[in-house]
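For reference, the chains in residue letters:
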Amino acid sequence: MHNAVNLWPLLGIAVVVAGFLLRVHPVLVTVAACAVTGLAAAFPVAHILESLGSAFIKTRNLPLILLLPLAAIGLLERAGLKEHAQASIATIHSATTGRLLTVYLFVRELAAAFGLTSLGGHPNMVRPLIAPMAEAAAEARVGSLPEPLRQRIRAMSAATDNVGLFFGEDVFVAFGAIVLMQTILRAEGLEVDPLHMALWGIPTAVSAFVIHAWNLRRLDRRILREAGPRK
Amino acid sequence: MISLDFFYVLVGLLFAATAVMNLRDRSNPRRFSTALFWGLYALVYLAGERLPPLVAGLLMVAMALIAGFKLVQPGRAQALPEDVRRASAARLGHRLLVPALAIPVVTMIGSTLLKDVRIDVRPLLDPKNLTLVSMGCGAIAAFALACRVTRSTPLQGVREARRLVDAMGWAVVLPHMLAVLGLLFAEAGVGKAVAHLVTAYLPMDSRLVACAAFCAGMALFTVVMGNGFAAFPVIAGGIGIPVLVGVYHANPAVMAAIGMFSAYCGTLMTPMAANFNVVPAALLELPDKNAVIKAQLPTALPLLGVNIVLLYYLMYQ
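In this text the structure is predicted, and so the values were computed from the model without any measurement.

A separate point is the overall build of chain B. In terms of helices and strands, chain B carries 14 helices and 2 strands. Across chain B, every contact between residues at least 6 apart in sequence was considered, and the portion connecting residues at least 24 apart equals 73%.

This is the structure:
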């Protein structure tokens, strides 16, 4: 070996790629990648298990954001929250799935750009409100939906939340990504104003909105083409 | 002080309840292994740091094996029939929205107005985890309001939470386990190895190739790691700073901003970002776990191209 960098831990990445391509169960892929990475870095087995264990305990704050709203959302669903959202959207005759999701994209991205990232999210907005409304808007136009189309509408609702969040929050100066970039550039001897980084994110943020809104328009046309206008 | 520990106990109790309800549910064909899975996860939250790391590691591997061999199954869904829900929706109307909106409202109040509130000298909300703790308080407020509006008992709320946890199944733990993998990658030096390969083998003598390699590298490395924050230091350190700034004298602010957004294009395309891509598919009960990623590809790929062009033309600003 003429260089000091150990390339063997890259086998862990190979396991991940191969596992997902071969459609092995994702949880098994993850644990296998942990084992291979640890062994390739020449850690003893007990050390690997200890690293996994302390990391597992340390990162248990991650699922909180998903789990804590569930009890409230579940009760509201039982009391008809989805049905209420669907009935409300059906009374707005100009509402289409694409227009509704475009409005949500705009609000989500703008709110995130002002640091209000908690205004939205999959468990507390998309599942109980946005996805049912998107489905109901399509049903109000074309009647019953074929199952693949219904699933596509739900997936687009989740996608819209992600796109709005990702490309909005990075324009907000106090967001973690900006702090991270500043720290890393500073370590390399480059002093950069966080405001400039936020500013130069705006062209991409606008492009993200335009591209995704265009895809939502295509979804509207697909709904009309596959389900046809209501007779 | 309200800290994360309080919410860890709540989530632990929720998983314990999920385990017990599944154990007693004779309609669940895998009730023992399902109960064991959620019981072990409850232990992770209830015992927390008191678990020796070796034991916690073994716990994680055991959970992965139970989930990986499809031994975690949902119990019987005891949802109300649709006409009952419709009648209830018509009766309660917009009041149903109040608890749902309480979560973001309380989160915002907590993380702005209550930020500096102290009882004696200790802060009311844990300042290190302010947003998460505020969101937890919002969830509790929403739960109380939901019980009031729907005139349900808290026990019914636990049953509903179990229904949703059951429906998501193993997808609940996937983001958690991927985060563990990310930390192990860092400890084993995977990032260093990738940076070494990228800088040693890519030709950087044309400005367009350098811009494209930088943006695509960010996206690709994020696809593999599942996290833009893991990709940024590696690719910025490997291409962005030495080549774009060092050789082509790009504005570092433009390089950084567009680089991070290219990484986010990668986040939209990978099952490794399970929190954003796989969990919502489970939450929306989509049979294809990659459906959200497929819906995002037509946005992510053109946007990556736009990023390369933007970087090429804006880098001297």
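Turning our attention to the overall build of chain A. Scanning chain A for helices and strands turns up 12 helices and 0 strands. Shown N-terminal to C-terminal, the secondary structure of chain A runs as helices and strands in the order α-α-α-α-α-α-α-α-α-α-α-α. A compact globule built from 231 residues would reach a C-alpha radius of gyration of about 17 Å, whereas chain A, at 23 Å, exceeds it by more than 25%. Viewed in the frame of its principal axes, chain A has a C-alpha envelope of about 75 × 45 × 35 Å. Buried positions account for 58% of the 231 residues belonging to chain A.

You can see Pro123 of chain A is positioned in helix H8 (residues 122–142). The buried category is assigned to Pro123 of chain A, around which 23 C-beta atoms lie within 10 Å. Linking Pro123 of chain A and Leu67 of chain A, residues 56 residues apart in sequence, is a C-alpha distance of 8.2 Å. Look past the residues within four positions of Pro123 of chain A in its chain and what remains in contact with it is Leu66, Pro69, Leu70 and Ile73 of chain A together with Leu283 of chain B.

Residues and elements named next belong to chain A. Not every positive phi belongs to a glycine, and Ala42 is a case in point at roughly 65°. Position of Ala42 relative to the elements: it lies in the loop between helix H2 (26–40) and helix H3 (45–58). Take Ala42: there are 11 C-beta atoms within 10 Å of it, and that puts it in the exposed class.

So, on to the packing of helix H1 (residues 4–23) of chain B against helix H2 (residues 31–47) of chain B. Residue and element names in this part refer to chain B. Where H1 meets H2, the closest approach of the two axes is 8 Å, and the angle between their N-to-C directions is 165°. Classed by the angle they form, the pair H1 and H2 counts as roughly antiparallel. Considering the relative orientation of H1 and H2, their crossing is left-handed. Of the residues in H2, those in contact with Tyr8, Val9, Val11, Gly12, Phe15, Ala16, Thr18, Ala19, Asn22 and Leu23 of H1 are Arg31, Thr34, Ala35, Trp38, Gly39, Tyr41, Ala42, Tyr45 and Leu46.

Domains assigned within chain A are domain 1 (10–58) and domain 2 (64–227). Of note, the centres of domain 1 of chain A and domain 2 of chain A, computed from C-alpha atoms alone, are 32 Å apart.

Our focus in this paragraph is the interface of chain B and chain A. Contacts between the two partners involve 116 residues from chain B and, on the opposite side, 97 residues from chain A. Tallied by class, the residues present in the side of chain B that touches chain A amount to 87 nonpolar, 21 polar and 8 charged.

Residues Met177, Val180 and Ala256 of chain B are the most contacted members of the largest nonpolar core, which totals 197 residues. Counting residues per element, this core draws most heavily on helix H10 (residues 207–225) of chain B, at 12 residues. In this structure, Ala256 of chain B is in contact with Met181, Leu185, Val192 and Met197 of chain A together with Ala236 of chain B, ignoring residues within four places of it in sequence.

Below, the discussion takes up the domain arrangement of chain B. All names here are of chain B. Along its sequence, chain B is organised into domain 1 (1–172) and domain 2 (189–314). Listed by partner, the interface residues are 4 residues for domain 1 and 5 residues for domain 2. Of the residues contributing to the side of domain 1 that touches domain 2, the split by class is 3 nonpolar, 1 polar and no charged.

In this section: the confidence of the model for chain A. As a note on interpretation, predicted positions should not be read in detail where pLDDT is low. Confidence in the prediction of chain A, expressed as mean pLDDT, is 88, and 95% of residues score 70 or more. No element of chain A has a lower mean pLDDT than helix H10 (residues 176–187) of chain A, which averages 80, and none a higher one than helix H9 (residues 147–169) of chain A, which averages 95.

With that settled, consider H3 of chain A. For H3 of chain A, spanning 14 residues, the distance from its first C-alpha to its last is 20 Å, which sits close to the expected 20 Å at 1.5 Å a residue. Those residues of H3 of chain A that fall on the buried side of the exposure criterion are Ile48, Leu49, Ser51, Leu52, Gly53, Ala55, Phe56 and Ile57 of chain A. Buried residues along H3 of chain A sit in contact with H2 of chain A together with H2, helix H3 (53–68) and helix H8 (174–188) of chain B.

A few words on the packing of H2 of chain A against H8 of chain B. Interhelical geometry of H2 of chain A versus H8 of chain B gives an angle of 15° and a closest axis separation of 10 Å. With respect to H8 of chain B, the element H2 of chain A is oriented roughly parallel. Where H2 of chain A crosses over H8 of chain B, the two elements pack in a sense that is left-handed. Two secondary-structure elements touch here, H2 of chain A through Pro26, Val27, Thr30, Val31, Ala33, Cys34, Thr37 and Gly38 of chain A and H8 of chain B through Leu174, Met177, Leu178, Val180, Leu181, Leu184, Phe185 and Ala188 of chain B. When the residues that make up the contact of H2 of chain A with H8 of chain B are grouped by side-chain class, the tally is 13 nonpolar, 3 polar and no charged.

This part is about the environment of Gly168 of chain A. Along the polypeptide, Gly168 of chain A turns up in helix H9. Look past the residues within four positions of Gly168 of chain A in its chain and what remains in contact with it is Arg108, Glu109, Leu110, Ala111, Ala112, Ala113 and Ala205 of chain A.

Turning next to helix H5 (residues 97–112) of chain B. With 16 residues, H5 of chain B should cover 22 Å at 1.5 Å per step; its first-to-last C-alpha distance of 23 Å lies within 8% of that length. The principal kink in H5 of chain B, of about 30°, is found at Ile103 of chain B, preceding the proline Pro104 of chain B by one to four residues. Of the surrounding secondary structure, the elements contacted by the buried residues of H5 of chain B are helix H5 (70–78), helix H6 (81–90) and H8 of chain A together with helix H6 (130–150) of chain B.

Right, let's talk about the environment of Ala95 of chain A for a bit. Residues and elements named next belong to chain A. Tracing the backbone shows Ala95 in the loop between H6 and helix H7 (97–113). Assessed through the 20 C-beta atoms surrounding it within 10 Å, Ala95 is described here as buried. Along the chain, Ala95 and Gln182 lie 87 residues apart, while their C-alpha atoms are 43 Å from each other. For Ala95, the residues in contact, after removing those within four places along its chain, are Ile89, Leu100 and Ala137.

Cut-offs applied
- Residues numbered from 1 in each chain as written.
- Chains lettered and ligands numbered in written order.
- Predicted model: local features only at pLDDT ≥ 70, side-chain atom pairs only at ≥ 80, totals over all residues.
- Helix = DSSP H or I, 4+ residues; strand = E, 2+ residues; numbered from the N terminus.
- Contact = placed C-beta atoms within 7 Å.
- Rg over C-alpha atoms; globule rule 2.2 N^0.38 Å.
- Buried ≥ 20, exposed ≤ 12 C-beta atoms within 10 Å, placed from the backbone.
- Axes fitted to C-alpha atoms, helices over the stretch in contact; angles between N-to-C directions.
- Parallel < 35°, antiparallel > 145°, perpendicular 65-115°, else oblique.
- Left-handed = near helix turned anticlockwise from the far one by under 90°.
- Domains from an automatic or database assignment.
- Nonpolar A, V, L, I, M, F, W, Y, C, P; charged D, E, K, R; others polar.
- Core = buried A, V, L, I, M, F, W, Y, C linked by C-beta atoms within 7 Å.
- pLDDT = per-residue confidence, 0-100.
- Expected span 1.5 Å × (residues − 1).
- Bend = angle between axes of the 7 residues up to and from the residue.

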